[in-house]
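# Geometric and topological summary
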Number of protein chains: 2
Amino acid sequence: MKTDIEIAQGVELQPIVDVVEKVGISYDDLELYGKYKAKLSFEKIEAVKENELGKLILVTAINPTPAGEGKSTVTIGLADALSKIGQKTMIALREPSLGPVMGIKGGAAGGGYAQVLPMEDINLHFTGDMHAITTANNALSALIDNHIHQGNSLGLDQRRIIWKRVVDLNDRALRKVTVGLGGPLNGIPREDGFDITVASEIMAILCLATDLKDLKERLASIVIGYRFDRSPVYVRDLKVEGALTLILKEALKPNLVQTIYGTPAFVHGGPFANIAHGCNSVLATSTALRLADIVVTEAGFGADLGAEKFLDIKTPNLPKAPDAVVIVATLRALKMHGGVAKEHLSEENIAAVEAGFANLKRHVENIQKYGVPAVVAINEFVTDTPAEIAILKELCAKISVPVELTSVWANGAAGGVDLAETLINTIEAQPAQYKRLYQADDSLETKIMKIVTEIYGGKGLVFEKKARTQLGEFAKHGWDKLPVCMAKTQYSFSDDPTALGAPENFDITIREFVPKLGAGFIVALTGDVMTMPGLPKLPAALNMDVAEDGTAIGLF
Amino acid sequence: MKTDIEIAQGVELQPIVDVVEKVGISYDDLELYGKYKAKLSFEKIEAVKENELGKLILVTAINPTPAGEGKSTVTIGLADALSKIGQKTMIALREPSLGPVMGIKGGAAGGGYAQVLPMEDINLHFTGDMHAITTANNALSALIDNHIHQGNSLGLDQRRIIWKRVVDLNDRALRKVTVGLGGPLNGIPREDGFDITVASEIMAILCLATDLKDLKERLASIVIGYRFDRSPVYVRDLKVEGALTLILKEALKPNLVQTIYGTPAFVHGGPFANIAHGCNSVLATSTALRLADIVVTEAGFGADLGAEKFLDIKTPNLPKAPDAVVIVATLRALKMHGGVAKEHLSEENIAAVEAGFANLKRHVENIQKYGVPAVVAINEFVTDTPAEIAILKELCAKISVPVELTSVWANGAAGGVDLAETLINTIEAQPAQYKRLYQADDSLETKIMKIVTEIYGGKGLVFEKKARTQLGEFAKHGWDKLPVCMAKTQYSFSDDPTALGAPENFDITIREFVPKLGAGFIVALTGDVMTMPGLPKLPAALNMDVAEDGTAIGLF
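So, here is what we can say about the structure in this document. Here the structure is a predicted model, which means the values were calculated and not measured. (Residues numbered from 1 in each chain as written. Chains lettered and ligands numbered in written order. Predicted model: local features only at pLDDT ≥ 70, side-chain atom pairs only at ≥ 80, totals over all residues. Heavy atoms only, no water.)

### Some details on the packing of aromatic side chains
Inspection of every chain in the model, using the stated rule, returns 8 aromatic pairs over all chains. With centroids separated by 5.0 Å and ring planes inclined at 70°, the aromatic side chains of A:Phe474 and A:Trp479 adopt a geometry described as edge-to-face. We note A:Lys35 situated over the ring of B:Tyr27; from NZ or CZ to the ring centre the distance is 5.2 Å. Lying over the aromatic face of A:Phe493, A:Arg362 brings its terminal NZ or CZ to 4.9 Å of the ring centre. (Phe/Tyr/Trp six-rings, centres within 6.5 Å; stacked < 30°, edge-to-face > 60°. Lys NZ or Arg CZ within 6 Å of the ring centre and 35° of its normal.)

Below is the structure:
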């Protein structure tokens, strides 16, 4: 069987100029990065602002197994199938972080015959967006430490600096560090830590900014820490938002690539789905809606995190709400939610599918609460049995949600045609009537309570001491009018990763809040949230190489 | 008076495809980064390998004032002047680090009417080479710490890891850090530090590698640290040279841009001139020699460091040695060497010019020792007086070295025509007969002694205890056959930055050696060498901004 990279390298790419011509983009609108990648100019983005909007399809998933449910693969394959049945389609996807590529999982550009290309470039440096974000993030850190070193006229309390450094690598040794050691010439010693770049607030900002002006205003609003009197200090107090915007100006332009099938795809921005909102950039999604008749996009993690944030945080920044939500499920994951241990997931188990369906059912009902129709996509695995597929279809029919089997990983566009057709029919039959889960004026506590009871299916909320104190402080600063970004395990509706299926009667414990004023949301941390992954004992890097002609080897 | 960025933004750029056509490069040979930047394909580099070689001109300088003598500006202006008088000319320059741009000095792409463009891009992310080097460097660090965390089967002594992390920023707080804090999940605590990216050995490697295969072999040869028995551990022991090469494969391709005048320029690689060799990439210089009739390149710092390393370290990796060396001097710097204080450099002082000439004279004689003709370029300043210029010309005539006044900063190509013509005449009249200063078989001590006595004009050598011990250890490892890379102040021939002019009878103290087996040289440290700059009280970042249309503001 061919690996993803072998499939990708076997495809003859079309020049990106030709690929994007079908959505009305010409050579002059592009800044090429080689022949197969390009950034779209701000002029073009501005020029299409009054265009009619296409349909928007959000792809999300049930609570995943650790291997993932193939959401990106289905997103790409569905878009290719839509292209195949004659729809003028675009994709709006997140761009992957280089760090995990060196670690375990390999690429994040889809898989099999549903990939965005050139996958090697997308998984490595791509057009440099991650590097620009890393640089802007760390330039801010250097400017903060320099400010303190040079006299600290803003009165920053070096024990309460919340702005951390980042690298786009999996590097556990950088999670907790001390900086400024070695004497007075090297600054003020203090505790610090590194997150992975995609966890930087600047990544979230880049993904929510609507233009350079908005980007700069958001950067200016970042809270970097507190004074000794606990008053917040913002980037605007340092007066470096202009410099940070300068570092980021090219990164804000959405990137264009193609799928194996030739569908034009924006791949732009990739914030974490726990401490951030986990969706590609607003600028890419909005522009795609103005260029294509139908746009397929994706949100990170399961629907309780990804779709909730897409609908409550990203959608208010978009020109329109989704017209439908595709929920990706695998029979393996349903069996896991039905109580089957990892080593038995390949065996037929009808009862487990029936039991695990509770997880899918809750996600479907959640989406419907937003007034948006849901469609279930079964991402086919070789171990799926006809009886399992039949029972799942029957269960979906009982709750009147359309369901289709897809095999885009194995069959590309052709494997997604049924799903594409069902989706088009659903959109036509059930126009979406989006409503947000909570109102801006709701208190932070109310917003979280609505998420916990309406989306997670939980009972109540517990605030640890620090979080309880912060509720008061944040209200005092006027930060409580912002949306909430939940940082929770992706494996369960609850904050306990082992509580699979559709748990009930649980409380969610909020440990701490983190203000992300630039992104425009308040992160609520439930338990420990990993913002810097580590490498495994045998990192993927050990298998990587380059042929003498420059061909990437063993990327995955 | 217009600033550099105002001049640059006033130029109508030609598409890079058109610019490089004059040296036989076509669209298919390029990987475009926007319309005005491109990387040259490995195929083209290979295809021209048997081409006849053009003439090579190295631009260097006397020991500089802290403001610099305008070496890059003269390099660019001289090349433009050569273009203007009908020579098929290319430039091969270093690419700047982003860190200092945010600090004091602004850009490093020439100045006035002698600039490489687009200067904003070149000074910011350019084509991502710096970021690729940062990523490769730090991926190696993460893999080292992970190796120790996962059981340390190589037996690395975590107290003797010499591989440091890097960022492409001026960030003094990162000079000395502790990593791996916070408990067993976060790795092994140890002391570490960050250098600026251009100080990474990987930068030096990229600049000396002749192809991907050579790059990989050099990466494999990096010494990362020592075992408890003091035996060295190499990257090849970790088996990650393939992954590092993969991260660097695009960065190895030379970048093409244009000057204001339209001369095609390689701008590729930029290692430090103290702990590294301070020249742009071998691949760019070699390829330029195969494409153009005359190539102008530059070495960092004054000639005692930059030219010496170009001639003893880089030249053996090139297809040919320089045909001439241009030594840039300013009357301000000569007066400084003649004993004038900084605040009086703008006043006429003939006696000081005469006294300071000793510095220039020694550099001229040094170049001649390599069998290469020297030409002096006086980089004109508004404060220069006719009498000062006359006496300098007279002094040069006495030692029979050609000298020309240049005004390329103010007048562009036209300001360098005299220098260009004199240079062409010199090359024709005096064919270079290059000989290296020392032989590979010379011991480290002999090599350094030759540099100190023949180039610096010093008397002898003092080894501190650590360096003395290392001499024996390095000989045992077989590392003493490598060239020496001196890390010394650029302000004086000696290791005392205040000893201006042409000091004599001094000793050079070697504090420590650093093995750079991948780069292929041994660094000899004299005194403290700064490998991570800091930011000033009012960083340049405070004045930077972006207009709403994306135009860079206040870059410098």
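### Examining helix 4 (residues 71–84) of chain B
Residue and element names in this part refer to chain B. In this model, helix 4 (14 residues) spans 20 Å end to end at C-alpha, consistent with the 20 Å of a helix rising 1.5 Å per residue. Burial analysis of helix 4 places 11 of its 14 residues in the buried class, which makes it a mostly covered element. When helix 4 is considered as a whole, its buried residues turn out to be Lys71, Thr73, Val74, Thr75, Ile76, Gly77, Leu78, Ala79, Asp80, Ala81 and Leu82. Following helix 4 by one or two positions, glycine 86 has its phi on the positive side, about 95°. (Helix = DSSP H or I, 4+ residues; strand = E, 2+ residues; numbered from the N terminus. Expected span 1.5 Å × (residues − 1). Buried < 20%, exposed > 50% of the residue type's maximum accessible area, 1.4 Å probe, protein only.)

### Focus: the relation of the copies chain A and chain B
By a simple turn and slide, chain A fits onto chain B: the slide is 0.0 Å along the axis, the RMSD is 0.0 Å, and the turn is 180°. Taken together, the rotation and translation relating the two chain copies correspond to the operation of a two-fold axis. When C-alpha distances to the rotation axis are compared across chain A, the minimum falls at A:Tyr33, with a value of 2.2 Å. Interface residue correspondence from chain A to chain B reaches 100%, placing this contact among same-surface, isologous pairings. (Least-squares fit on C-alpha atoms with pLDDT ≥ 70 in both. Contact = heavy atoms within 4.5 Å.)

### Description of the pattern of salt bridges
Counted under the stated rule, the structure contains 62 salt bridges over all chains. We note a salt bridge from B:Lys49 to B:Glu46, for which the minimum N-O separation is 3.5 Å. Each of A:Asp145, A:Arg165, A:Arg190, A:Asp192 and B:Asp171 takes part in a single network of salt bridges with overlapping partners. (Salt bridge = Lys/Arg side-chain N within 4 Å of Asp/Glu carboxyl O.)

### Digging into the side chain of A:Glu388
Mapped onto the elements, A:Glu388 comes out in helix 16 (residues 386–398). Setting aside chain neighbours within four positions, we find A:Glu388 in contact with A:Leu331, A:Lys335, A:Glu347, A:Glu348, A:Asn349, A:Ile350, A:Val353 and A:Thr383.

### Side note on the sheet that holds strand 12 (residues 223–227) of chain B
All names here are of chain B. Strand order in the open sheet formed by 3 strands is 7-12-13, and the pairing between neighbours is antiparallel. Only two strands of the sheet have a single partner each, and these edge strands are strand 7 (156–161) and strand 13 (232–234). Averaged over all pairs of adjacent strands, the angle between strand axes in this sheet comes to 50°, irrespective of strand direction. In the sheet, strand 7 pairs with strand 12 via 2 bridges, with the strands oriented antiparallel. Its bridge partner being in strand 12, leucine 156 is matched across the sheet by arginine 227. (Pairing = 2+ DSSP bridges. Axes fitted to C-alpha atoms, helices over the stretch in contact; angles between N-to-C directions.)

### Points about the side chain of B:Thr127
Residues and elements named next belong to chain B. The topology assignment puts threonine 127 in the loop between helix 6 (119–123) and helix 7 (129–149). A polar atom in the side chain of threonine 127 sits 3.4 Å from the side chain of aspartate 129. A polar side-chain atom of threonine 127 sits 2.6 Å from a polar atom in the side chain of asparagine 255. (Polar contact = N/O pair within 3.5 Å; in protein donor to acceptor, adjacent residues only side chain to side chain.)

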